[in-house]
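# Structural characterization, general
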Amino acid sequence: MADETHRPDVQDFIDLLLDSPAPSPALAEVGTVATVGDGIAVVSGLGRALSDELLVFASGVRGVVLDLEPDRLGVVLLGPSERVRAGEDVWRTHKVISVPVGPGLVGRVVDATGQPLDGKGRVTAVAERPVEARAPDILSRGAVKRPLATGLKAIDAAVPVGLGQRELIIGDRQTGKTSIALDTILNQARSEVLSIYCAIGQRGDAVARVIEALRESGQLANTIVVVAGDEEAPGLAYIAPYAAMTMAEYFADQARDVLVVFDDLTHHARSYRELSLLLRRPPGREAFPGDIFYVHARLLERAGQFTEDAGGGSITALPVVETQAENLSAYIPTNLISITDGQIYLSPRLVRKNQFPAVDLGVSVSRVGGKAQHRAFRDVAGNLRVTLSQFEELEDFARFGTRLDDATRARLSRGAAVRAALRQPERDPVPAVEQLLVLLAAMEGMFDGLSETEVVAAMDSIRASVGDALTGVATRIARNEPLADEDRAAILSVARIALGNALGKPEDGRDADA
Ligand SMILES: Nc1ncnc2c1ncn2[C@@H]1O[C@H](COP(=O)(O)OP(=O)(O)OP(=O)(O)O)[C@@H](O)[C@H]1O
């Protein structure tokens, strides 16, 4: 009897269900870590996860799905793998890996996920955008026709770079690759171009030096620094350049010109190779996975000059790649040479001669920049390459102690003077007018026969003498007009006086000597 009185009536049960708050179904897809190590985790039980989806581990580490297989996921970790344990839970986020974008990033040092590394507090973002994006189509692209001034005589005169171009900086270790990229960023203090420096797999002290140089010059305020160091998870190094490109795209959409430096893609390729081998993808040439070309092509294809309809901005990419023993035909360098619109090759031979920047003009080329070069430069620098290549040939020949005729000797002395004029210390980008003055003076033979110290003194004096006399020339250069004969004459007369002052002799002192 007692049992019967306590048995809940079916109607009561239904009433209870109806009175209770409506059940809210929540979809929690949880998987488990099967194995973990070296920046990779294999996760099971998340059969519906998508490629590039962000996953969150119970330990707080995040990861990106790179491999989709029926019974397991290959996940690249974006944090230390030591924190992740086999057997721990993993959740789907239903989001692809994204980074914050917006003006709040300018002047900041952030990691590959956009989190601050400079201790200046949270980054204020306008939005979050996926790190992977489709490259703009052909109709959204315009011609590269505006110059990007690097402030380096050897580059602006002979291997000019245009806004929206992809120019590779290539060379052996310690040939000055980073210095060229950094000087180009420093020179943007004279322009409206916004810079992004993306350090991939570099030692902390090397990155700290770059940040210090940017801070000292005040250019950090106009630059975003994205860092994925060599001590961090290889997954961060892998996504860093894509994250930097996403940040650049935000500004290009607002019609801004952006310069992005990837320093360097050799480390990027190595990180991707490491991840791919750990994920047991089949290795190809030099053990790189088969899609390594696509990895770099889809990154650099996102750069360009865009039409008004597509935002009107531009993204100029300066990827850096390291060669070994000057082998330009190694796998990653040849891939990048074929993806980019030209390369600036830095030669150890010139480094040994203390010729900095060590740009080898015989091997360097700019496939589109010539159209973007200032017209004034085209006039002056047209013969530069020829003069230098003839000089280098003769220089080798003259080493045998052959007796030389006067014409050959004159050519040698002109070549040596022009090469000396291309020298430039680090962190000292030169404005266009000053470059023109120095190059015109050298090409006209004003430095012939001078010692190296004399050429340096002469160049300093010439640069210091750019004043009111040349304002007209400066304006015409800025307006991209060619040099008139009067301009050349004005430049040469200013240069001649400056040269006389530098050598302690009025006018051209060498005549007085004779
Ligand atoms: N214009 C210059 N004048 C004098 N020295 C320079 C110049 N440019 C670079 N150097 C020197 O050359 C060395 C190498 O420079 P840098 O670090 O830029 O080369 P890198 O090729 O990027 O090196 P890494 O292989 O380590 O990446 C540095 O000691 C630097 O001070």
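Position labels on residues start from 1 in each chain and follow its written sequence. This being a predicted model, a pLDDT of at least 70 is required before a residue's local features are given, and a value of 80 or more before pairs of side-chain atoms are given or counted; all residues contribute to the totals for chains, interfaces and linings.

## Remarks on the overall build of the protein chain
A run of DSSP states H or I qualifies as a helix once it reaches four residues; a run of E qualifies as a strand once it reaches two. Both are numbered from the N-terminal end. Within the protein chain, the regular secondary structure consists of 19 helices and 19 strands. Taking the principal axes of the C-alpha coordinates as reference, the protein chain spans close to 135 × 50 × 40 Å. Looking at the 514 residues of the protein chain, the share that counts as buried comes to 45%. For the protein chain, the share of sequence-separated contacts (at least 6 apart) that also reach a separation of at least 24 residues comes to 73%. The exposure label follows from counting other C-beta atoms within 10 Å of a residue's C-beta, where the C-beta atoms are placed from the backbone and the thresholds are 20 or more for buried and 12 or fewer for exposed, leaving partly exposed in between. For the purpose of contact definition, each residue receives a C-beta atom placed from its backbone, and two residues are in contact when these atoms lie within 7 Å.

## A word on the nonpolar core
One broad rule of soluble globular proteins: the nonpolar side chains tend to lie buried together. Of all hydrophobic cores here, the largest spans 150 residues; its most connected members are C198, V226, A240, V260, A421 and L436. Counting residues per element, this core draws most heavily on helix α6 (residues 234-253), at 14 residues. When sequence neighbours within four positions are dropped, the list of residues in contact with L436 reads A376, F377, V380, I477 and I491. Each nonpolar core consists of buried Ala, Val, Leu, Ile, Met, Phe, Trp, Tyr and Cys residues. Their C-beta atoms, within 7 Å, join them into a set.

## Section: unusual backbone geometry
Here the amide bond leading from D263 into D264 is cis, since omega sits at 0°, within 30 degrees of zero. Going from F356 to P357, the amide bond is cis rather than trans, its omega being -10°. The topology assignment puts P357 in the loop between α10 (348-352) and β19 (365-366). Backbone geometry places D38, a non-glycine residue, at a positive phi of 50°. In this structure, D38 sits in the loop between β1 (30-37) and β2 (40-44). For D38, a count of 13 C-beta atoms within 10 Å gives the class partly exposed. For A287, which is not a glycine, the phi torsion comes out positive at approximately 65°.

## What about the site of the ligand?
Any residue whose backbone-placed C-beta atom lies within 6 Å of a molecule or strand is treated as near that molecule or strand. Contacts to the ligand come from 14 residues, most closely from G176, K177, T178, S179 and F356. Ranked by the residues each element gives to the shell around the ligand, the list is headed by helix α4 (residues 177-187), at 3 residues. Following the grouping adopted for this structure description, the nonpolar residues are Ala, Val, Leu, Ile, Met, Phe, Trp, Tyr, Cys and Pro, the charged ones are Asp, Glu, Lys and Arg, and the polar ones are all others, Gly among them. Each residue belonging to the shell around the ligand can be placed in one class, and the counts come to 3 nonpolar, 7 polar and 4 charged. These domain boundaries are the output of an automatic or database domain assignment. No fewer than three residues from each of domain 2 (100-372) and domain 3 (379-513) sit in the shell around the ligand.

## Section: the sheet that holds strand β5 (residues 72-77)
Strand order in this closed barrel of 6 strands is β1-β2-β5-β4-β3-β6, and the pairing throughout is antiparallel. Sheet twist, expressed as the mean angle between neighbouring strand axes with direction ignored, is 45°. Strand pairing follows a simple DSSP-based rule, namely that at least 2 bridges must link the two strands. To obtain an axis, a line is fitted to C-alpha atoms, over the contacting stretch when the element is a helix, and the angle between two such axes runs from 0 to 180 degrees between their N-to-C directions.

## Things to note about the environment of D156
Mapped onto the fold, D156 is located in helix α3 (residues 153-158). We classify D156 as buried; it has 27 C-beta atoms within 10 Å. D156 sits 221 residues away from F377 along the chain, and the two C-alpha atoms are 7.9 Å apart. Those residues in contact with D156 that sit more than four places away from it in its chain are A149, T150, F377 and Q435.

## Overview of the UniProt feature "site: Required for activity" (unreviewed entry) in the protein chain
UniProt positions are given in the numbering used here, feature names are shortened, and annotations may be inferred rather than shown by experiment. Using the residue numbers shown here, the UniProt feature "site: Required for activity" (unreviewed entry) corresponds to S364. Following the sequence through the fold, S364 ends up in the loop between α10 and β19. Apart from the residues within four sequence positions on either side, S364 is in contact with V159, Q343, I344, Y345 and V359.

## Comments concerning the domain arrangement of the protein chain
One can read the domain layout of the protein chain as domain 1 (30-95), domain 2 (100-372) and domain 3 (379-513). Measuring from the centre of the C-alpha atoms in domain 1 to the corresponding centre in domain 2 gives 29 Å. Contact with domain 1, which involves 14 residues of that partner, is made by 10 residues of domain 2. Elements supplying a minimum of two residues to the side of domain 1 that touches domain 2: β4 (62-69) and β5.

## A few points about the pairing of strand β18 (residues 342-346)
Successive side chains on a regular strand alternate, one facing one side of the sheet and the next facing the other. Burial within β18 is extensive, with 5 of its 5 residues counted as buried. Here β18 shows two buried faces, one formed by G342, I344 and L346 and the other by Q343 and Y345. Sheet topology note: the β18/β19 ladder contains 2 bridges and is antiparallel. Across the sheet, residue G342 finds its bridge partner in β19, namely S366.

## Some thoughts on helix α5 (residues 204-217)
What a helix should span is 1.5 Å times the count of its residues minus one. Taking 1.5 Å per residue as the helical rise, α5 with its 14 residues ought to reach 20 Å, and the 20 Å between its terminal C-alpha atoms agrees with that figure. Turning to α5, its buried residues number three or more, namely V207, V210 and L214. The buried side chains of α5 occupy one side of the element, clustering within an arc of 60° when seen end-on. α5 presents G204, D205, E212 and E216 as exposed residues on the side facing more than 90 degrees away from its buried surface. Tucked into the core, α5 has its buried residues touching α4, β13 (194-200) and β14 (223-228). Directions are taken from the helix axis to each C-beta atom, and the arc is the one they span.

## Thoughts on helix α8 (residues 292-300)
Along α8, the residues classified as buried are I292, V295, H296, L299 and L300. Buried residues along α8 cover an arc of 115° about the axis, so they all sit on one side. Tucked into the core, α8 has its buried residues touching α6, α7 (265-278), β17 (314-322) and α9 (331-339).

## A few points about the packing of helix α15 (residues 432-443) against helix α18 (residues 485-502)
Here α15 crosses α18 at 80°, and the two axes come no closer than 9 Å. By the angle between their directions, the pair α15 and α18 is classed as roughly perpendicular. Contacts between α15 and α18 pair L436, L437, L440 and A441 from the former with R488, I491, L492, V494, A495 and L499 from the latter. Here the contact of α15 with α18 is built from residues that sort into 9 nonpolar, no polar and 1 charged. Here the word oblique covers every angle except those under 35 degrees (roughly parallel), over 145 (roughly antiparallel) and from 65 to 115 (roughly perpendicular).

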